[in-house]
Amino acid sequence: MPSGSFQRRVWQWVVACFPASVHLNVQERNHRFLEEALELAQANSCTKDEALELVEYVFGRTKGDLRQEVGGVLVTLAALCNATSIDMDEAAEQELDRNWSRIDRIRAKQAAKPQGSARPQ
């Protein structure tokens, strides 16, 4: 069993994979999180129109509390995993293992990314 919390082990991977200008860049982390959340929703049959409707809804509301929103993300992700019969911990460990095996590819993708763009490439 890997040692340390999952969050700590992800931090170790991020530090090994990216320069500080990337792993400490909150805007970059926001964009990558949103990209992954959208890919998850798309893989689970959410349509572009539904996603855009939710973007309008969320950005039409008052900005939330960061810590509470992190909790909300984790609770709703766990609930989605329950609804789709996915072991959230197992999926997370598999993805982290996969990321360790692709560091060179991930670095190349990061280097090719347009500077200042939310898009990953």
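Please refer to the structure higher up on the page.
Residues numbered from 1 in each chain as written. Predicted model: local features only at pLDDT ≥ 70, side-chain atom pairs only at ≥ 80, totals over all residues. Heavy atoms only, no water.

Here we look at the overall build of the protein
- When you go through the protein residue by residue, the secondary structure sums to 7 helices and 0 strands.
- If you list the helices and strands of the protein from N to C, you get α-α-α-α-α-α-α.
- Taking the principal axes of its C-alpha atoms as reference, the protein extends roughly 35 × 35 × 30 Å.
- When burial is assessed residue by residue, the protein has 16% of its 121 residues classed as buried.
- Split by element, the accessible area of the protein, about 9,700 Å² in all, is 57% carbon and sulfur.
- Distance between charge centres in the protein, computed from 15 positive and 17 negative side chains, equals 8 Å. (Helix = DSSP H or I, 4+ residues; strand = E, 2+ residues; numbered from the N terminus. Buried < 20%, exposed > 50% of the residue type's maximum accessible area, 1.4 Å probe, protein only. Areas by Shrake-Rupley, 256 points an atom, 1.4 Å probe, with all protein chains shown as cover. Lys, Arg positive; Asp, Glu negative; His and termini not counted. Charge placed at Lys NZ, Arg CZ, Asp CG, Glu CD.)

Details of the packing of aromatic side chains
- In the structure shown here, the tally under the stated rule is 1 aromatic pair.
- Between the aromatic rings of Trp13 and Phe18, the centroid separation amounts to 5.7 Å while the plane-to-plane angle is 80 degrees, which identifies the pairing as edge-to-face. The pair formed by Trp13 and Phe18 is uniform in burial state, with each residue classed as buried.
- The ring centre of Phe18 lies 5.7 Å from the NZ or CZ of Arg29, which sits over that ring. (Phe/Tyr/Trp six-rings, centres within 6.5 Å; stacked < 30°, edge-to-face > 60°. Lys NZ or Arg CZ within 6 Å of the ring centre and 35° of its normal.)

Looking at the nonpolar core
- Counting 8 residues, the largest nonpolar core is built from Trp13, Val14, Cys17, Phe18, Val22, Leu96, Ile103 and Ile106.
- Broken down by secondary-structure element, the contributors of at least two residues to this core are helix H1 (6-17) and helix H7 (103-112).
- In terms of residue count, the dominant contributor to this core is H1 (3 residues).
- Ignoring sequence-local partners within four residues, the contact set of Trp13 consists of Phe18, Leu96, Asn99, Trp100, Ile103 and Ile106. (Core = buried A, V, L, I, M, F, W, Y, C linked by side-chain atoms within 4.5 Å. Contact = heavy atoms within 4.5 Å.)

Comments concerning the pattern of salt bridges
- Applying the stated rule across the entire model yields 5 salt bridges.
- Across the pair Arg9 and Glu93 runs a salt bridge, and its minimum N-O distance is 2.6 Å. Separated by 84 residues along the polypeptide, Arg9 in helix H1 and Glu93 in helix H6 (residues 88-101) bring together distant segments of the chain.
- Classification of Arg9 by relative accessible area gives buried; the value is 10%.
- Three or more residues joined by partner-sharing salt bridges are found here, namely Glu28, Arg32 and Glu35. (Salt bridge = Lys/Arg side-chain N within 4 Å of Asp/Glu carboxyl O.)

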